[in-house]
Structures are given as C-alpha cells and as structure tokens.
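# Examination of the molecular architecture
Below, each chain spelled out in residue letters.
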Amino acid sequence: MDAAVALLARVRPEDRLDVPKLTQHLLLPEAADPSGLLVAEHDGSLVGIACGICEGTTGWITLLAHAPEHPAAGEELLDALGAWFTDQAIERVRVSDHADSYIIPGVDAEDFALLELFTSRGFSERLRCVGQKAPASAEIPTAVADLMRRREHEGYRFERAGWADLREVMTAADLVARGWGLVLREAVLRSQRPDRVV
C-alpha cells in the first residue's frame, strides 16, 4: 500500500492519502472485493492502480490512476477492469459514483488524458462535480453563484449546516445519489466541522 500511496501522491495530490485512508476507501467498503483491486507494474515498480466494485448488476470504477510516463498502464488497467466486470456479470459500469468508496469522484475535466481514455472505451459524461476540490474558504464560482441566486428567488435558501441540520442534509444527500448521506456523515465525524457543509 505504501507504493500505491506514493503513486497517488504524485498523480492525485488533492486526495492527500495515507495508507489507512487508502485502505479504508479501497478494501473496507461493504461492496469491496479484493479481486477488483488491480495494479500495473513496470520493472518491479508500481505504475498504476485501479479499483472496481460491484453491486447487483452495476459496477463502479472507484479509482484509476497511472504514472504519467506510463499511459499504457491506464489503458491496460481499464481493459482489465472491463474483463473483470464481465466475469462478474456486470451489465453497466459507472465511474466513481459509488459513494462508499470514492476518493475524488469521477474523472476531472482537467485530466484530458484520463477523460480521453474513458471516452475511447465508450464512457460518456453524465454529471460534473462543481467545487469538489475547492477548500471550504474558496470563492464560489460565478456559474454556481448565479444558480444559487436563481434558486433563492424560487424560495430556496443556502447557509452553512450545523449539528442540528445533519439528519436532514444526509437524507437530502441520499436523494441526490445513493450513499452520499453516509459519506457526508463520515466526513463530518472525521473533521468535526459540520459548517463545511453548505
């Protein structure tokens, strides 16, 4: 796991992973299957890692990363995950929308190589995260601020959550995407900062 943490620190520094956190996200979720955790090596060194999990007839790619100097590792891992999903009788595959185990969800629009790889294998964009990597103190993007103003005009309100709001926020999060309420709960428990929830 140390080699995986080192690789991810290079290619996904925003995730700020250590061995316990990586283990928690890849191996301990209820739907985790160790046979869905794949690695690519070159000359004895780890150059890529991927993780797939299954639930019913749906599979999720919860992690795919490779060293930039080894793009073929990403292709091989994605193809190997595809074969693994076929062996598991999976009918559809999604990228990182399984909230129990994603690290940074989905494929960042700025990661052109990875986005191109998924597109070349038949994946298409369904949703786009806004502000996923932004710190809580970051300025709200103009498009998001405009949407918030429109929603406020419709009667919605936006404010930072407090401890008393968490049950309602977790319920609403699960309506957006199954499992997000649990992820929100775990994040608040770890950080003790419900005010980071807007």
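Here, the structure is the one placed above.
Below, the structure is looked at part by part. (Residues numbered from 1 in each chain as written. Predicted model: local features only at pLDDT ≥ 70, side-chain atom pairs only at ≥ 80, totals over all residues. Heavy atoms only, no water.)

As a further point, take the pattern of salt bridges. For the structure shown, the criterion picks out five salt bridges. A salt bridge links Arg10 to Glu69, with the shortest nitrogen-to-oxygen separation between them at 2.8 Å. Of this pair, Arg10 sits in helix 1 (residues 2–11) while Glu69 sits in the loop between strand 3 (58–66) and helix 3 (71–87); the two residues are 59 residues apart in sequence, bridging distant segments of the chain. Residues Asp79 and Arg121 are paired through a salt bridge, measuring 2.7 Å at the closest nitrogen-oxygen approach. With Asp79 in helix 3 and Arg121 in the loop between helix 4 (112–120) and helix 5 (142–153), this residue pair connects regions lying 42 residues apart in the sequence. In this structure Asp79 comes out as partly exposed when scored by relative accessible area, which is 39%. (Salt bridge = Lys/Arg side-chain N within 4 Å of Asp/Glu carboxyl O. Helix = DSSP H or I, 4+ residues; strand = E, 2+ residues; numbered from the N terminus. Buried < 20%, exposed > 50% of the residue type's maximum accessible area, 1.4 Å probe, protein only.)

So, on to the sheet that holds strand 2 (residues 45–55). Spatially, 1-2-3-4 is the arrangement adopted by the four strands of the open sheet, whose pairing is mixed. The open sheet terminates on both sides in strands that have one partner only, identified here as strand 1 (37–42) and strand 4 (92–95). Neighbour to neighbour, the strand axes of the sheet diverge by 25 degrees on average, direction disregarded. Relative to strand 3, strand 2 runs antiparallel, the two being bridged by eight bridges. What sits directly across from Cys51, in strand 3, is Leu63. (Pairing = 2+ DSSP bridges. Axes fitted to C-alpha atoms, helices over the stretch in contact; angles between N-to-C directions.)

Here we come to the packing of aromatic side chains. Within the structure shown, the criterion is met by two aromatic pairs. Between Phe118 and Phe123, the ring centres sit 5.1 Å apart and the planes meet at 90 degrees, which makes this aromatic pair edge-to-face. (Phe/Tyr/Trp six-rings, centres within 6.5 Å; stacked < 30°, edge-to-face > 60°.)

A word on the pairing of strand 1. Within a regular beta strand, the side chains point alternately toward one face of the sheet and then the other, so they alternate between its two faces. Direction of pairing for strand 1 relative to strand 2: antiparallel, over a ladder of six bridges. Looking at strand 2, one finds that Ala40 is bridged to Gly48. A loop of two residues connects strand 1 with strand 2, the two strands running antiparallel in sequence, and Asp43 in this loop sits at a positive phi of about 50 degrees.

What follows covers a nonpolar patch on the surface. Nonpolar side chains collect at one region of the surface, where Met1, Leu27 and Leu28 lie side by side and expose about 280 Å² of accessible area between them. Assessed through its relative accessible area of 36%, Leu27 is described here as partly exposed. (Patch = residues over 30% accessible without salt bridge, like charges linked within 9 Å, V, L, I, M, F, W, Y side chains within 5 Å. Areas by Shrake-Rupley, 256 points an atom, 1.4 Å probe, with all protein chains shown as cover.)

Turning to the environment of Glu91, a few remarks are in order. Structurally, the position occupied by Glu91 is in the loop between helix 3 and strand 4. Residues Glu91 and Thr58 lie 33 residues apart in sequence; the distance between their C-alpha atoms is 6.0 Å.

Bringing unusual backbone geometry into the picture now. Positive phi values are uncommon outside glycine, yet Asp43 reaches one of about 50 degrees. As for its position among the elements, Asp43 is in the loop between strand 1 and strand 2. For Asp43, a relative accessible area of 72% corresponds to the exposed category. Of note, the phi angle at Ala89 is positive, near 60 degrees, even though the residue is not glycine. When you line up the elements, Ala89 lands in the loop between helix 3 and strand 4. Here Ala89 falls in the exposed class, since its relative accessible area comes to 53%.

Another aspect to go through is helix 1. Among all positions of helix 1, only Ala4, Val5, Leu7 and Leu8 are buried. Looking straight down helix 1, one finds its buried side chains confined to an arc of 165 degrees; they lie on one side. Where helix 1 is buried, its residues touch helix 2 (19–26), strand 2 and strand 3. (Arc of directions from axis to C-beta. Contact = heavy atoms within 4.5 Å.)

This part takes up the side chain of Thr58. Among the secondary structure elements, Thr58 is positioned in strand 3. Overall, the relative accessible area of 8% leaves Thr58 in the buried class. Within the structure, Thr58 has its side chain in polar contact with the side chain of Arg92 (distance 3.2 Å). (Polar contact = N/O pair within 3.5 Å; in protein donor to acceptor, adjacent residues only side chain to side chain.)

Keep in mind these values describe shape, not function.
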